[in-house]
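# Breakdown of the fold
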Amino acid sequence: MIRVDVVWLAAEPLDMRAGTEAVLARVVNVFGAARSLHAYLFANWRANRMKVLVHDGIGVWVVTRPLNTGRFMWPREGSATMTLSRSQLDALMLGLPWQRIGEAGVIMVL
């Protein structure tokens, strides 16, 4: 299992054809550096695919997560980057409204 201490999300869409080197360059461009034990999340323009880059301290891992139906709840405006908690990441990976995650992982109605 790969350890991840901090999860970063980039609001700007990423071309899903980008390979490992292009995604790493985008991480450095957007976040300043690829830090050890950090994960960086990007979505495509339609927000139905996600790419995640994780720096494990030795190298980088890049995985793609498609969402077969619906869209990931991706921010379209506001901050260019943000951090996510573990419960927010879990909800995002399932396509749930992660922005509404409150205490004890409960989804709140806004």
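Refer to the structure presented above.
Residues numbered from 1 in each chain as written. Predicted model: local features only at pLDDT ≥ 70, side-chain atom pairs only at ≥ 80, totals over all residues. Heavy atoms only, no water.

Reading across the sheet, the five strands line up as β4-β3-β2-β1-β5 and stay open at both edges, with mixed pairing between neighbours. Strand pairing shows two members of the sheet lacking a second neighbour, β4 (60-66) and β5 (81-84), which therefore form its edges. The sheet shows a mean angle of 25 degrees between the axes of neighbouring strands, taken without regard to direction. Here six bridges tie strand β2 (residues 38-43) to strand β3 (residues 49-55), and the two strands are oriented antiparallel to one another. (Pairing = 2+ DSSP bridges. Helix = DSSP H or I, 4+ residues; strand = E, 2+ residues; numbered from the N terminus. Axes fitted to C-alpha atoms, helices over the stretch in contact; angles between N-to-C directions.)

A few words on the nonpolar core. Core analysis: the biggest nonpolar cluster contains 18 residues, and Leu41, Met50, Trp74, Leu84 and Leu92 have the highest contact counts within it. Counting residues per element, the ones that place at least two in this core are β1 (6-10), β2, β3 and α2 (86-93). With near-sequence residues (within four places) excluded, Met50 lies in contact with Met16, Leu41, Phe42, Ala43, Val63, Thr64, Arg65, Phe72, Trp74, Leu92 and Met93. Counting 10 residues, the second largest nonpolar core, distinct from the first, contains Ala10, Leu14, Val23 and Phe31. (Core = buried A, V, L, I, M, F, W, Y, C linked by side-chain atoms within 4.5 Å. Buried < 20%, exposed > 50% of the residue type's maximum accessible area, 1.4 Å probe, protein only. Contact = heavy atoms within 4.5 Å.)

One non-glycine residue with positive phi stands out, namely Leu37, at about 65 degrees. Mapped onto the elements, Leu37 comes out in the loop between α1 (20-31) and β2. The backbone phi angle of Ala47 is positive, close to 60 degrees, even though this residue is not glycine. Within the element layout of this structure, Ala47 appears in the loop between β2 and β3. In this structure Ala47 comes out as buried when scored by relative accessible area, which is 0%.

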